[in-house]
Amino acid sequence: MGDMNEPNHTAAVADPWPAPLATAPLDASVIIPGSKSLSNRYLILAALSADPVRIHGLLRSRDTDLMMNALRALGVTCQEDADDPTTVTVTPPPAGVFTGDTEVYCGLAGTVMRFVPPLVLFADGPVRFDGDEQAYARPMEPLLFGLKQLGAHIEYHGQEGCLPFTVTPPKRLGSADGKPIKIRVDSSSSSQFVSGLLLAASRIPDGVLLRHTGRTLPSLPHIRMTMEDINAAGGDVTMPERGRWLVQPRELNLPATVTVEPDLSNAAPFLGAALIAGGDVRVPNWPAHTTQPGGLLPSMLHKFGATITLDGEPFDEINDCEMFNDDFSGTLCVTGDGTIRGLGELDLSAAGEIAPSIAAIATLADGPSELVGIGHLRGHETNRLEALVTQIERVGAHAEELDNGIAIEPVADDELHGAVMETYADHRMATFAAMLGLRIPGIEIKDVQTTRKTIPDFTGMWTAMLAQHR
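Source: prediction; values computed, not measured.

**Q** I keep staring at the overall build of the protein and nothing clicks. Help me out?
**A** Of regular secondary structure, the protein possesses 13 helices and 24 strands. In summary, the protein has a C-alpha radius of gyration of 22 Å against a globular reference of 23 Å for 470 residues, a match within 12%. Taking the principal axes of the C-alpha coordinates as reference, the protein spans close to 70 × 50 × 45 Å. Within the protein, the fraction of its 470 residues that count as buried is 59%.

**Q** Would you take a moment to explain helix α13 (residues 458-467) for this structure?
**A** Note that an α-helix has 3.6 residues per turn; residues three or four places apart therefore point the same way. Of the positions making up α13, those classed as buried are F458, T459, M461, W462, M465 and L466. Along the axis of α13, the buried positions cluster into a sector of 165°, meaning they face one direction only. Where α13 is buried, its residues touch β1 (17-18), β2 (26-29), α7 (268-277), β15 (279-287) and α12 (427-437).

**Q** Honestly, the pairing of strand β21 (residues 398-402) in this entry has me stumped. Any pointers?
**A** Pairing of β21 with strand β22 (residues 405-409), which is carried by 5 bridges, proceeds in the antiparallel orientation. For L402, the partnering residue across the bridge sits in β22 and is G405. Hairpin remark: β21 followed by β22, antiparallel, with 2 residues in the connecting loop.

**Q** Help me understand the sheet that holds β15, please; the structure alone is not making it clear to me.
**A** Within a beta sheet, neighbouring strands are joined by backbone hydrogen bonds and run either parallel or antiparallel to one another. Ordered in space as β2-β15-β18-β16-β17, the 5 strands form an open sheet in which the pairing is mixed. Here the strands that pair on one side only, and so sit at the sheet edges, are β2 and β17 (313-314). With 2 bridges joining them, strand β16 (residues 307-310) and β17 adopt antiparallel strand pairing. Its bridge partner being in β17, L310 is matched across the sheet by E313.

**Q** How do you make sense of the state of the cysteines when you look at a structure like this?
**A** Simply put, the disulfide is a covalent bond whose two ends are the sulfur atoms of two cysteines. The final tally for this structure, using the stated rule, is 0 disulfides. Lacking any disulfide linkage, C106 is separated from the closest cysteine sulfur, that of C162, by 13 Å. Classification of C106 as buried rests on a relative accessible area of 0%.

About the cut-offs
Residues numbered from 1 in each chain as written. Predicted model: local features only at pLDDT ≥ 70, side-chain atom pairs only at ≥ 80, totals over all residues. Heavy atoms only, no water. Helix = DSSP H or I, 4+ residues; strand = E, 2+ residues; numbered from the N terminus. Rg over C-alpha atoms; globule rule 2.2 N^0.38 Å. Buried < 20%, exposed > 50% of the residue type's maximum accessible area, 1.4 Å probe, protein only. Arc of directions from axis to C-beta. Contact = heavy atoms within 4.5 Å. Pairing = 2+ DSSP bridges. Disulfide = S-S within 2.5 Å.

All quantities given are derived from atomic positions and should not be read as evidence of function.
Written out as structure tokens, the structure reads:
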């Protein structure tokens with residue numbers, strides 16, 4: 001299912017796309033577009049702010065376009081700069097009241113389907129939410145259960161707990177006793193349920209006490225990112241203990257101008273290419289301190305055997321981060337010699353979104369790896385664990401799905417072979433396949449343009465990187 005008003009960034013690219021083979025060690029610099037996670041959080045917080053906000057470095061991709069269109073449907077103005085589409089001025093609706101009796105199209109964007117429905121609490125009428133057919137399988141019930149506890153009414157138009165649905169705002173917001181409203185949700189399948197509720201909670205009279213009831217809590221760095229962004233907008237969110245958040249009622253107002261960091265998770269395929277092809281790959285504007293889960297990437301690549309520097313300083317010193325100011329950013333350089341060490345066991349629970357890139361590197365390593373703490377990836381754009389195992393086996397290596405992750409058993413390079421790789425409408429499965437194609441001849445990727453979800457021109461960037469070699 002598609003939206004006739006949805007922007008189209010697709011350029012003419014072969015389908016399937018022949019993934020280019022690395023023929024020489026790299027010597028490349030790659031500029032990574034802005035963070036999707038930060039971009040869509042800033043857009044939500046700007047819509048909730050009292051005054052207009054100018055956002056610089058906004059990622060322009062399918063997910064951020066879907067977010068801006070969703071906000072426009074709710075009465076928010078998102079004005080692109082005529083000379084720079086990555087600069088957008090967001091003007092909140094009059095008196096902070098969102099437009100109801102409208103429809104929002106979520107596509108396959110988790111941040112849209114989970115961050116926008118809470119805004120309906122402050123709308124003047126019901127809002128219907130729909131999306132791509134594949135989005136109908138993505139879990140939504142914990143978020144909607146949280147909205148019910150805040151007084152909203154939910155009407156399902158298909159399977160209960162999934163898209164499509166309509167949210168009707170409550171007649172009255174706030175508690176009866178003047179104390180924070182207590183909400184209990186199970187966010188085991190996605191941290192976005194917690195983030196979505198936290199982003200809106202500052203506007204709720206008397207505040208909110210949110211408790212996670214599940215046994216596991218994935219992607220805690222994403223929740224910390226949400227907290228930091230809310231507090232930067234004048235909110236007051238604390239986590240007294242793991243899985244429990246207290247949000248005080250506050251008027252939100254982001255600074256008049258904010259700048260989006262590069263998307264560190266989207267840097268993973270490019271930096272990982274240095275290990276697979278050998279040579280150097282540099283990414284400028286890498287923050288020494290960040291709330292992005294992708295900030296954990298250098299330590300993971302180091303475990304594979306890469307040499308890591310930030311502005312020439314060795315990784316071991318970077319890891320302390322005490323030598324850099326909080327707002328310092330520099331050029332991160334990853335150097336590989338073509339050999340890749342097996343990881344043994346690696347817990348990716350804090351950064352599950354980079355698991356496909358880590359899996360690609362592990363498939364080409366000299367020993368086995370187990371990537372654990374990522375059982376929640378079964379509920380992402382596709383069942384990523386099943387998809388990764390299927391595609392790893394497709395090229396001749398061995399993999400097995402575990403309860404909370406995957407086990408990867410590499411084989412000799414001469415036992416690997418080309419194949420037509422499925423992407424399952426999942427951008428990270430497409431970049432996973434491109435990484436394998438650096439070393440395995442004959443890799444072709446179906447629907448590589450699914451990468452425009454977070455990288456507007458992945459194929460162009462990938463080809464340009466490979467053109468920079470020793």
